[in-house]
Amino acid sequence: MISMDKIVSLCKRRGFIFQSSDIYGGFGGFWDYGPLGVELKRNVKEAWWRDMVSGHNELVPPQGAPAAFDMVGLDSTIVMHPQVWKCSGHYDLFHDYMVDCRQSKKRYRHDQVRGRWVQFGDQKVFVATAAEGDLEQEDVQRRALKYFRLRAKDADRLSYDGGLRTLDTVDELNRVLGPDANELGTLTEPREFNLMFKTTVGALGGEEDTAFLRPETAQGIFVNFKNVLDSTRVSLPFGIAQIGKSFRNEITPRNFTFRSREFEQMEIEFFCPPDQSQQWYRYWRDRRIHWYQSLGLAGDSLRMREHAEAELAHYSTGTADIEYAFPFLDEGEYGELEGVAHRGDFDLRSHMEGKLDPKTNPLRLELDETGKPRHRGSGRDLTYRDEASGERYVPHVIEPSAGADRATLAFLCQAFTEDEAPDEHGKPQARTLLKFHPRLAPIKAAVFPLVKKDGMPEIARDLYGELKRNFAVFYDEKSAVGRRYRRQDEIGTPYCITIDGQTVQDKTVTLRDRDSLQQWRVPLAEVATEIKSRIAAV
Ligand code: ATP
């Protein structure tokens, strides 16, 4: 099992990911990407954009697609008209339940506080913990011993009633020992907490000036549906794609970048005629999991989880999560990388007519106590007219919604490998490497002169300059060549090129492969083509 601590420490040590505002002690839920991390994440986003949007051929149906289709891009704003969030449902419904601790002043997400009934003598308390995975039971026992003033060797004097469970099943809050409390009954009842960050637009600052940072990029696409349709030649079916920052005031950000408060999404809204929507749903679900596989996520670590009917919103006839077995999760647990949802006409109709009630089937306007629409729509016509049949309808939508940070983290976890490789004397040495797919590797190749003399640095610098025009390259002439190889392995550089004595004579260089450790000679003049073809071929 790969340790998450090692990955986090490599990320910091080599400049992939730092905690935000580190010099001030960090800021929970916010992360900065360092020089290598920014390249890695850009490569993830660029691979997505190229594979889904710019490299998409609208004339030829991709494999498995019901028909040919258009894909276009969009970049909408982070702050939008507040009505957008009222009609999308986020204003009323986008919340988690939280509990507060009156003693420690800490706030927890309700579903993340778990615990167990622990008995000592005739006293019985519910010991809650916010620890994760394997640490939960350990934490419960440690705190129970402390609460009952027992020593570690007295652990067998405690008895447990039932297993670990969430607070849902516990109604006696006065007998609960909160995760960071040392007395009973300090947790509050669960309360709703909206996850949207609020901000104020304009100088007046009244309640009517309140706006929100978007919690998803998708709504920017829906509200621009008509603009795109009217300004381009696209016709149904077609997709609009967007990459951008989203913000959620997560109550308990955790697991490195997995649950952040500021993150990036890569979302597609795919508009299609209602009677074709099931086929398109299946197409996108399958295409998206293949995308992760094509970039190296493989085997049992990656899976698709189709939601059961009971889990679906009324407007959805299908939702599947693409999930990855992140190392910080328990054995057999998976975390969401992307959700692919059939959203019917819920979003476009809500922005047109007013907030629809997701609990009614067929969908109806949601009304307030006085019988008026709860949130008015734009009143704009967001229907589509089919040129061939003359039919007018509200398109159905398939939404593949991915997180750029979660994908980047999954690629990092999958790439992290520890093995042994012989050093320059042939002795096996432990090595850490990141086996990134070459498309994702932050640096594609490193150029080393074997020694800093005999004309080698000059040739190496010229080669570096030439390669740099094609892809990201690193130049290193410091320390023993074995050490230089290892430094590149650790950041996932797939190829290293060494200029040695033979280069000076016959104009060939040594090329070394990160994963197989194979080395072979290539003419200096062919290095760029060789590496380019290898990067493209994998
Ligand atoms: P979760 O259940 O894990 O909170 P979600 O179902 O709310 O996720 P969606 O609303 O479907 O997530 O968002 C689409 C994608 O955006 C997710 O699959 C994930 O990759 C990413 N994402 C959502 N919330 C976060 C977050 N707090 N930090 C990082 N990425 C996120």
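Keep in mind it's a predicted model, so treat the numbers as computed, not measured. (Residues numbered from 1 in each chain as written. Predicted model: local features only at pLDDT ≥ 70, side-chain atom pairs only at ≥ 80, totals over all residues. Heavy atoms only, no water.)

1. Concerning the domain arrangement of the protein
For the record, the criterion: Note that the domain bounds were set by an automatic or database domain assignment. Accessible-area loss on putting two parts together, using a 1.4 Å probe and summing over both, is the definition of buried area adopted here. The rule for a salt bridge is simple: a side-chain nitrogen of Lys or Arg has to be within 4 Å of a carboxyl oxygen of Asp or Glu. Nitrogen and oxygen atoms within 3.5 Å of one another constitute a polar contact, given that in protein one can donate a hydrogen and the other can accept it, and given that sequence-neighbouring residues count only through two side-chain atoms. Helix and strand definitions follow DSSP, with helices as H or I runs of at least four residues and strands as E runs of at least two, each counted in order from the N terminus. Charged means Asp, Glu, Lys or Arg here, nonpolar means Ala, Val, Leu, Ile, Met, Phe, Trp, Tyr, Cys or Pro, and polar covers whatever is left, Gly included.
Segmenting the protein into domains produces domain 1 (4–94 + 196–411), domain 2 (97–193) and domain 3 (443–537). Between the C-alpha centres of domain 1 and domain 3 the distance comes to 40 Å. Approximately 530 Å² of surface area, both sides summed, lies buried where domain 1 meets domain 3, with 46% of it carried by carbon and sulfur atoms. Summed over the shared surface of domain 1 and domain 3, the result is 2 salt bridges. Across the pair E490 and R14 runs a salt bridge, and its minimum N-O distance is 2.9 Å. The tally of links from domain 1 across to domain 3 stands at 3 residue pairs in polar contact (both at pLDDT 80 or more). Listing elements by their share of the side of domain 1 that touches domain 3, those giving two or more residues are α1 (4–13) and α2 (35–54). Tallied by class, residues from the side of domain 1 that touches domain 3 come to 3 nonpolar, 1 polar and 2 charged.

2. Concerning helix α9 (residues 346–353)
Rules: Type-normalised accessible area, obtained with a 1.4 Å probe on protein chains alone, sets the label of each residue: buried when under 20%, exposed when over 50%, and partly exposed for intermediate values. Two residues form a contact once any of their heavy atoms are found within 4.5 Å.
Of all 8 residues in α9, 7 are buried; the element is thus mostly enclosed. Buried within α9 we find F346, D347, L348, R349, S350, H351 and M352. In this fold, the buried residues of α9 make contact with α3 (82–88), α6 (218–222), α7 (225–231), β14 (262–272), β17 (335–344) and β18 (356–357). Remark: G354 follows α9 within two positions and exhibits a positive phi of approximately 130°.

3. Thoughts on the packing of α2 against helix α8 (residues 277–294)
The following threshold applies: In this analysis, axes come from line fits to C-alpha atoms, helices being fitted only over the stretch in contact, and the angle between any two N-to-C directions falls in the range 0 to 180 degrees. With respect to orientation, any angle under 35 degrees is reported as roughly parallel, any angle over 145 as roughly antiparallel, any angle of 65 to 115 as roughly perpendicular, and every other angle as oblique. Working rule for handedness: look at the near helix, and if it is turned counterclockwise from the far one by less than a right angle, call the crossing left-handed; if clockwise, right-handed.
At a minimum axis distance of 12 Å, the contact between α2 and α8 shows a crossing angle of 140°. Of the possible angle classes, the one that applies to α2 and α8 is oblique. For the element pair α2 and α8, the recorded crossing hand is right-handed. Where α2 approaches α8, its residues V44, A47, W48, D51 and M52 are matched on the opposing element by W284, R287, R288 and W291. Per-class residue counts for the contact of α2 with α8 are 6 nonpolar, no polar and 3 charged.

4. Observations regarding the packing of aromatic side chains
Note the cut-off: Here the aromatic set is Phe, Tyr and Trp, taking the six-membered ring for Trp, and pairing holds for ring centres within 6.5 Å; pairs whose planes are under 30 degrees apart are stacked, those over 60 apart are edge-to-face, and all others are tilted. Note on criteria: charge over ring means Lys NZ or Arg CZ within 6 Å of the ring centre, with the direction from the centre no more than 35 degrees off the ring normal.
In this structure the tally under the stated criterion is 31 aromatic pairs. Summarising the aromatic geometry, the rings of F448 and Y485 are spaced 5.6 Å apart at their centres and angled 55° between planes, so their arrangement reads as tilted. Remark: Y485 occurs in helix α12 (residues 481–491) and F448 occurs in strand β25 (residues 445–449); sequence separation between them is 37 residues. The class of F448 is buried, set by a relative accessible area of 0%. Overall, the relative accessible area of 10% leaves Y485 in the buried class. By the ring-pair criterion, three or more aromatic residues cluster together here, those being F69, F270, W280, Y283 and W284. Sitting above the plane of the Y91 ring, K86 keeps its charged end 4.8 Å from the centroid. One residue, R512, lies across the ring of Y485, its end atom 4.3 Å from the ring centre.

5. Some remarks on the sheet that holds strand β26 (residues 473–475)
Under the convention used in this document: Pairing between strands requires that DSSP locate at least two bridges from one strand to the other.
As summarised here, the arrangement of the 5 strands in space is β26-β25-β27-β28-β29, forming an open sheet in which the pairing is mixed. Single-partner strands in this sheet number two, and they are β26 and β29 (519–523). Neighbour to neighbour, the strand axes of the sheet diverge by 25° on average, direction disregarded. Direction of pairing for strand β28 (residues 508–513) relative to β29: antiparallel, over a ladder of 5 bridges. By the bridge assignment, R512 is partnered in β29 with Q519. Contacting β25, β26, β27 (495–499), β28 and β29, α12 crosses the sheet at an angle of about 170° to β25.

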